[in-house]
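# Fold and geometry: a report
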Amino acid sequence: MQNRNLKRTARLNALKPRLEARHQCLKAIRAWFDQQGFLEVETPIRIPSPALEQYIDAEPSGQGFLRTSPEFHLKRMLAAGYDRLYQIGPCFRQGERGAIHHPEFSMLEWYRTGATYREILDDTTQLIRACARALHGSLRWETHRGMIDVGQDWQRLTVADAFQQYAGWDPVARWDAERFDVDLVEKVEPGLPHDRPVILMDYPLPAAAFSRRSRLNPGVAERWELYLAGMEIANAYSELTDPDEQAMRYEQDAADRRRRGKPVYPRDEAFLQALHEGLPECAGIALGVDRLVMALTGAETLDEVVAFREIIPD
Amino acid sequence: MYSASDLRKGLKIEWEGTPFEITEFQFVKPGKGQAMYKTRIRNLLTGTTQERTFREVEKIGKPDLIERDLQFSYAHGDDFVFSDPETYEEYTITAEQLGNNRWFIVEDMIVAVLFFNGKPIDITLPYFIEKEITETEPGVRGDTATNVTKPAFIDNGYEIAVPLFISQGDVVRIDTRTGKYADRVSTGRK
């Protein structure tokens with residue numbers, strides 16, 4: 001028992017440099033948003049209707065759930081007239097545990113009205129560079145996968161091109177749900193370069209989640225994901241603002257979850273109502289803070305950047 | 001049946017009719033995608049390993065595997081015959097199935113034999129076995145260094161690197177996990 005306690009204390013002590021880096025990173029994030037005129041907000045953690053998505057399971061909490069993302073509340077604020085919002089806080093996803101997954105993690109989300117996923121990419125580029133400068137005084141540093149330089153042009157790859165290059169087929173031309181996820185983790189992600197940030201963009205419509213259809217190429221959705229050192233860090237959308245389309249996607253995902261015996265969460269009526277009243281054109285992003293700190297400090301696992309890891313059986 | 005979320009390192013599974021052991025295991029979940037389990041699995045029939053990603057919806061079989069203690073009787077060509085010490089029932093395992101273990105079986109030795117669907121497929125040896133060196137250059141007396149080695153052979157023709165002080169007739173201990181010399185048990189002819 002005493003031995004276990006010694007180990008816990010030793011672990012906390014060993015974590016100190018990374019926790020200090022985490023603190024520096026959060027400071028840089030807040031300073032950057034402050035400078036850009038964003039409002040930092042806090043939305044509820046226990047909620048009645050978590051966003052329904054095919055493969056995201058919410059942790060029940062009393063009669064409600066722990067949030068899987070603050071997305072719907074932030075969008076309700078945009079519909080009410082707020083134009084630049086961000087939030088940093090815990091989110092919860094049931095059953096997700098691995099080297100870069102933890103059922104409780106820290107999420108940074110931000111939204112802009114009158115913007116698309118391209119402006120969010122500009123924000124992200126500046127923000128990641130600001131974090132790198134704050135931590136390393138440089139735009140280059142050593143990750144667990146080698147040197148990365150976030151100052152050079154980021155590599156932008158469409159999902160169609162990436163799959164053709166690394167997996168030999170085009171999921172935009174011909175969708176195959178099963179093959180898409182497996183090939184993404186087995187072939188595409190391992191092939192992405194590690195020496196610079198990579199933006200995987202323009203997802204096939206069936207993988208749109210809450211992003212809108214592209215204005216330029218109606219076969220894809222305006223969604224991108226950022227990879228640093230081979231690790232997925234953030235997911236951005238030109239947001240879906242059409243209430244009918246949103247309601248239709250809810251029904252599709254609900255049917256899919258029912259078929260797989262997964263719980264179906266109640267529709268967020270307040271959110272749909274806000275969409276009906278008018279959500280302006282907007283774009284937003286969810287960025288995993290723990291993973292960003294991992295990439296910035298060369299950590300290989302999420303456990304190396306969080307002070308505590310409580311393990312509660314599902 | 002197992003579901004993919006039961007998978008973990010060390011678990012033995014049946015997949016496409018073949019028993020495998022999971023030797024590496026990683027939870028992966030791409031953004032908005034399904035949970036998957038990236039594994040490296042070892043084929044228990046051939047010993048070869050491969051990578052395989054299991055999706056959450058996949059049902060994975062529990063292999064019918066049992067272990068029994070059998071006594072090694074004799075080798076006939078590439079067939080290694082083991083017998084049940086109580087019923088004297090005999091079971092044959094081929095040299096190919098045994099892999100490197102074939103060199104380290106000692107007569108009358110009791111080993112744990114793994115059966116899949118009632119057929120013997122593999123054995124577990126003790127970590128160390130003792131074998132006599134039947135052929136090597138004459139030993140260099142007094143040279144006790146163990147980092148300088150010379151080739152040597154045991155009775156079945158297995159080649160092993162031994163320190164210079166080992167002579168023909170010496171009995172040595174071999175680590176069956178690595179197939180390497182561990183230490184000298186006794187000296188043979190003086």
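Just above sits the structure.
In this report, we go over the structure that sits alongside the text. Model, not experiment: these values are computed from the prediction.

As a further point, take the overall build of chain A. In terms of helices and strands, chain A carries nine helices and 13 strands. Computed over C-alpha atoms, the radius of gyration of chain A comes to 20 Å, within 12% of the 20 Å expected from 2.2 N^0.38 for 314 residues, which places it in the range of a compact globule. Taking the principal axes of its C-alpha atoms as reference, chain A extends roughly 55 × 45 × 40 Å. Accessible surface for chain A amounts to roughly 14,200 Å². Of this, 48% is attributable to carbon and sulfur atoms. The distance from the centre of the 40 positive side-chain charges to the centre of the 48 negative ones in chain A is 4 Å.

Moving on to the sheet that holds strand β10 (residues 110-116) of chain B. All names here are of chain B. The five strands are arranged β9-β8-β7-β10-β11 in an open sheet whose pairing can be described as antiparallel. Strands with a single pairing partner mark the edges of an open sheet, and in this sheet they are β9 (90-94) and β11 (119-124). Within the sheet, the average angular offset between the axes of one strand and its neighbour, ignoring direction, is 50°. In this structure, β10 lies alongside β11, joined through five bridges in antiparallel fashion. The partner of Phe116 across the bridge, within β11, is Lys119.

Our next topic: the interface of chain B and chain A. On the side of chain A, 25 residues touch chain B, which itself brings 15 residues to the contact. For chain B, the biggest contributors to the area lost against chain A are Phe27, Lys29 and Lys32 of chain B; these three give 42% of the whole. Here chain B is connected to chain A by three salt bridges. Summed over the shared surface of chain B and chain A, the number is ten residue pairs in polar contact (both at pLDDT 80 or more). Sorting the residues of the side of chain B that touches chain A by element identifies β3 (18-28), β4 (36-43) and β5 (49-55) of chain B as the ones contributing at least two each. Ranked by the residues each element gives to the side of chain B that touches chain A, the list is headed by β5 of chain B, at three residues. Of the residues belonging to the side of chain B that touches chain A, the class tally is five nonpolar, four polar and six charged.

For the structure on display, the rule yields 20 aromatic pairs over all chains. A centroid spacing of 5.9 Å and a plane angle of 20° characterise the contact between Phe25 of chain B and Tyr37 of chain B, whose relative ring orientation is stacked. Separated by twelve residues along the polypeptide, Phe25 of chain B in strand β3 and Tyr37 of chain B in strand β4 bring together distant segments of the chain. You can call Phe25 of chain B partly exposed: its relative accessible area is 32%. Its relative accessible area of 6% is what places Tyr37 of chain B among the buried residues. In this structure an aromatic cluster arises from ring pairing among Trp32, Phe33, Phe38, Tyr86 and Trp110 of chain A. The ring of Trp169 of chain A has Arg179 of chain A lying over it, and the distance from NZ or CZ to the ring centre is 4.4 Å. Between the NZ or CZ atom of Arg177 of chain B and the centre of the ring of Tyr127 of chain B, over which it lies, the distance is 3.8 Å.

Residues Leu108, Trp110, Trp224 and Leu292 of chain A are the most contacted members of the largest nonpolar core, which totals 45 residues. Here this core takes eight residues from helix α4 (residues 117-136) of chain A, the largest share from any one element. When residues no more than four places from it in sequence are discounted, the contact partners of Leu292 of chain A are Cys25, Ile29, Ile128, Cys131, Leu228, Ile233 and Leu287 of chain A. In this structure, Tyr91, Leu98, Ile133 and Phe165 of chain B belong to the second largest nonpolar core, which totals 28 residues.

Let us look at the pattern of salt bridges. Between side chains of opposite charge, a pair can form when the charged atoms approach closely. All names here are of chain A. For the coordinates displayed, the defined rule picks out 33 salt bridges over all chains. Here Asp195 ties to Arg196 by a salt bridge, and the two come within 3.7 Å at their closest N and O atoms. By relative accessible area, which is 25% here, Arg196 ends up partly exposed. A salt bridge links Arg259 to Asp256; the shortest N-O distance between them is 3.2 Å. Separated by three residues within a single helix, Arg259 and Asp256 lie in helix α7 (residues 243-259), roughly one turn from each other.

Here the focus is the side chain of Asn101 of chain B. Residues and elements named next belong to chain B. Structurally, Asn101 is set in the loop between α1 (95-98) and β10. Exposure remark for Asn101: the relative accessible area of 16% places this residue in the buried category. Contact partners of Asn101, with chain neighbours within four places excluded, come to Asp122, Ile123, Leu125 and Thr176.

With that out of the way, let us pick up the packing of helix α3 (residues 71-79) of chain A against helix α8 (residues 269-278) of chain A. Residues and elements named next belong to chain A. One can describe the packing of α3 onto α8 by two numbers: an axis separation of 9 Å at closest approach and a directional angle of 30°. If you check the angle between α3 and α8, you find them roughly parallel. For α3 against α8, the interelement crossing comes out left-handed. Here Phe72, Lys75, Arg76 and Ala79 of α3 lie close against α8, whose contacting residues are Ala270, Phe271, Ala274 and Gly278.

About the criteria used
- Residues numbered from 1 in each chain as written.
- Chains lettered and ligands numbered in written order.
- Predicted model: local features only at pLDDT ≥ 70, side-chain atom pairs only at ≥ 80, totals over all residues.
- Heavy atoms only, no water.
- Helix = DSSP H or I, 4+ residues; strand = E, 2+ residues; numbered from the N terminus.
- Rg over C-alpha atoms; globule rule 2.2 N^0.38 Å.
- Areas by Shrake-Rupley, 256 points an atom, 1.4 Å probe, with all protein chains shown as cover.
- Lys, Arg positive; Asp, Glu negative; His and termini not counted.
- Charge placed at Lys NZ, Arg CZ, Asp CG, Glu CD.
- Pairing = 2+ DSSP bridges.
- Axes fitted to C-alpha atoms, helices over the stretch in contact; angles between N-to-C directions.
- Contact = heavy atoms within 4.5 Å.
- Buried area = accessible area lost by both parts, 1.4 Å probe.
- Salt bridge = Lys/Arg side-chain N within 4 Å of Asp/Glu carboxyl O.
- Polar contact = N/O pair within 3.5 Å; in protein donor to acceptor, adjacent residues only side chain to side chain.
- Nonpolar A, V, L, I, M, F, W, Y, C, P; charged D, E, K, R; others polar.
- Phe/Tyr/Trp six-rings, centres within 6.5 Å; stacked < 30°, edge-to-face > 60°.
- Buried < 20%, exposed > 50% of the residue type's maximum accessible area, 1.4 Å probe, protein only.
- Lys NZ or Arg CZ within 6 Å of the ring centre and 35° of its normal.
- Core = buried A, V, L, I, M, F, W, Y, C linked by side-chain atoms within 4.5 Å.
- Parallel < 35°, antiparallel > 145°, perpendicular 65-115°, else oblique.
- Left-handed = near helix turned anticlockwise from the far one by under 90°.

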